[in-house]
Amino acid sequence: MDINYKKFPCSEADAVIIPLFEGKVEVPNEETNRFLDLIKAKGQFKGAKGEVISFIRDLGGNLQDAIITGLGKEEELSSEAIRVALSKAVRKAKELKDKRIFIKIPENSKLNYYETAKAVAEGLGLGSYSFEKYKSNNETLDLSFSLGGRDISDEETNNINEAIEEGIVLVEAVEIARDLVNEPANALYPRTLAEKVKDLGNTYGFKVEVKENEEIKALGMEAFLTVARGAKNSPKLIVMRYYGDDSNKDKVLGLVGKGLTYDSGGYSLKPSSGMETMKSDMGGAAAVIGTMVSIARRKLKTNVIAVVAACENMISGDAYKPGDIIGSMAGKKIEVINTDAEGRLTLADAVTYIIRKEGVDEVIDVATLTGAALVALGTTTTAVITNNNEFYGELSAASEYSGERIWQLPSFPEYKKLIKSDIADLKNTGGRYAGTITAGLFIGEFVEDKPWMHLDIAGTAWNDSVRDYSPKGGTGEPLRTLYELLKRRAK
Ligand code: BES
Ligand code: MN
Ligand code: ZN
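Residues numbered from 1 in each chain as written. Chains lettered and ligands numbered in written order. Predicted model: local features only at pLDDT ≥ 70, side-chain atom pairs only at ≥ 80, totals over all residues. Heavy atoms only, no water.

The condition that has to hold: UniProt positions are given in the numbering used here, feature names are shortened, and annotations may be inferred rather than shown by experiment.
As annotated in an unreviewed UniProt entry, the chain carries the name Probable cytosol aminopeptidase and is attributed to Clostridium paridis. Taken directly from UniProt, the Subcellular location (unreviewed entry) text for the chain runs: "Cytoplasm". Per UniProt, the chain carries the Function (unreviewed entry) text "Presumably involved in the processing and regular turnover of intracellular proteins. Catalyzes the removal of unsubstituted N-terminal amino acids from various peptides."

Encoded structure:
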């Protein structure tokens with residue numbers, strides 16, 4: 001669905017969305033208040049977070065849907081509450097087939113107009129997403145929206161326009177990331193992913209270089225190539241470069257996204273149920289690609305290089321086997337205990353590449369890495385491992401703002417013992433316990449003392465069912481958090 005911001009008066013809208021606070025379920029319009037009184041009296045709507053209700057109202061002869069959505073208590077208002085309320089409301093509008101929507105800005109004492117309007121745009125856009133590409137009779141509804149409240153000054157209007165522009169850039173970047181995750185593995189494989197990224201780079205203004213098999217071999221990326229070897233589709237090393245801060249050309253942040261376009265598990269084969277959603281094993285790549293789109297579109301004053309080592313983890317006569325000992329770009333030898341612990345092998349080489357060949361100063365890797373992350377933190381929180389608490393502090397602040405939750409797990413030295421091999425430098429699994437930590441620390445063995453964060457998004461990249469403004473399927477997390485971290489630095 002395309003959302004467009006246009007200016008039109010409330011009276012010309014198919015629907016009006018009115019967000020209201022708990023205990024303040026009233027509006028300046030007397031007619032509408034009569035409906036609200038009835039709804040309140042029947043206990044159908046209190047203004048609590050996530051509540052939504054609609055009725056048809058008569059605006060002097062014109063009929064229009066009124067969609068009332070709850071923000072919770074005013075004292076507790078956050079951008080997140082606005083995103084959630086607007087996403088519920090826009091889904092209702094979709095259901096009612098409304099195309100032109102007028103939104104009453106929630107007047108409040110907690111957030112300024114900029115933050116309020118940005119959250120409105122995000123809630124609308126993120127909440128109205130659905131993946132319709134493969135439905136023969138999909139109805140793509142284009143939606144236009146306008147917003148207003150009390151008399152708004154010219155300065156506030158400019159502010160609101162700017163906020164909505166930023167909000168829509170983020171929404172569209174998240175849509176790109178979600179589409180990439182939702183695209184099935186027979187359509188999205190390393191070559192088509194690389195082509196898509198080239199298109200995005202051309203459209204939005206970042207450079208893209210794609211390295212083929214031979215070049216990857218020449219770079220010595222043996223761990224990456226070993227994982228890729230069982231697949232017919234050849235691997236691609238996708239490098240994205242954005243220089244928005246020419247005066248600091250030697251200061252560059254590195255993003256690495258896990259790009260398994262499919263993970264069957266290899267010879268340590270997954271059960272069928274575990275394979276069903278493994279087209280989403282490039283969720284880290286999707287988030288990183290979407291982040292590049294958003295920072296380039298907003299022309300952030302910062303320098304970022306992103307790398308995706310894209311491949312499939314498959315079975316064939318040539319595929320790698322449990323027990324194999326393989327090399328890596330950094331030279332470390334790795335004993336393969338389990339071919340389903342493939343992500344850390346591809347990431348180890350991608351991290352070495354981005355540090356040694358691209359010269360980045362800091363690294364953030366984003367990966368659907370372990371089922372253990374779901375066991376530890378569930379489906380709503382991304383797990384983080386880091387070697388630098390200050391760096392984590394920046395991410396944590398950005399995440400509180402974006403509403404995409406993260407939580408740090410410990411990286412005490414004793415955990416490292418779990419991935420030491422008896423016959424090689426490292427082994428690729430650390431046993432039954434602390435799986436998310438040992439997977440993260442495996443990657444940490446390749447960061448060469450650079451400030452580094454590892455984000456395990458196995459729980460948060462994919463939804464089995466809709467959650468607030470996050471749809472079923474690919475979520476795009478943690479794109480908005482990464483954007484926010486970079487934006488805060490760019491100031
Ligand atoms: N891609 C999976 C992790 C995953 C699991 C992501 C569930 C999303 C949902 C990863 O490659 C994997 O298979 N990890 C193994 C590691 C184990 C063999 C040490 C896992 O978590 O079981
Ligand atoms: Mn796996
Ligand atoms: Zn995987």
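Now, onward.
## Notes on the site of ligand 1
Defined as follows: Proximity is defined per residue: any heavy atom of the residue falling within 4 Å of a molecule or strand makes that residue near it. Polar contact is the term for a pair of N or O atoms within 3.5 Å; when the atoms are in protein, one must be able to donate a hydrogen and the other to accept it, and sequence-neighboring residues count only if both atoms are side-chain atoms. Working definition of accessibility: Shrake-Rupley area with a 1.4 Å probe, residue cover restricted to the visible protein chains. Throughout, the ten residues Ala, Val, Leu, Ile, Met, Phe, Trp, Tyr, Cys and Pro are labelled nonpolar, Asp, Glu, Lys and Arg are labelled charged, and all others, Gly among them, are labelled polar.
Lys 270, Asp 281, Asp 340, Glu 342 and Gly 371 are the nearest of the 16 residues found near ligand 1. Taking Thr 368, its main chain carries an N or O atom lying 3.3 Å from a nitrogen atom of ligand 1. Between ligand 1 and Leu 369, the relevant distance is 3.3 Å, taken from a nitrogen atom to a main-chain nitrogen or oxygen of the residue. Protein burial of ligand 1: of its 520 Å² of free accessible surface, 77% is covered by the chains. Of the residues assigned to the shell around ligand 1, the class counts are 4 nonpolar, 5 polar and 7 charged.

## As for the pairing of strand S6 (residues 143–148)
We count it as follows: For the exposure calls, accessible area comes from a 1.4 Å probe over protein chains only, and a residue counts as buried if that area is under 20% of its type's maximum, exposed if over 50%, partly exposed in between. Here a helix means four or more residues in a row that DSSP labels H or I, a strand means two or more in a row labelled E, and each is numbered from the N terminus. Pairing between two strands is assigned when DSSP locates at least 2 bridges connecting them. We call a crossover right-handed when, viewed with the strands running away from us, the connection from the first strand over the helix to the second turns clockwise.
The buried count for S6 comes to 6 of 6 residues, which makes it a mostly enclosed element. The alternating pattern of S6 places Leu 143, Phe 145 and Leu 147 and Ser 144, Ser 146 and Gly 148 on opposite faces, both of which are buried. As paired strands, strand S1 (residues 3–5) and S6 are joined by 3 bridges and run parallel to one another. Along S6, the bridge assignment pairs Asn 4 with Ser 144. In the classification by handedness, the crossover that spans strand S5 (residues 100–104), the intervening helix H3 (residues 113–127) and the parallel S6 is right-handed.

## Quick look at unusual backbone geometry
With an omega of -5 degrees, the peptide bond running from Glu 477 to Pro 478 counts as cis. Looking at where Pro 478 falls in the secondary structure, it is placed in the loop between strand S19 (473–474) and helix H15 (479–490). Despite not being glycine, Ala 434 shows a phi value in the positive range, around 55 degrees. Note on placement: Ala 434 falls in the loop between strand S16 (426–427) and helix H14 (435–444). For Ala 434, a relative accessible area of 29% corresponds to the partly exposed category. With a phi close to 45 degrees, Asp 468 is a non-glycine residue in the positive phi region.

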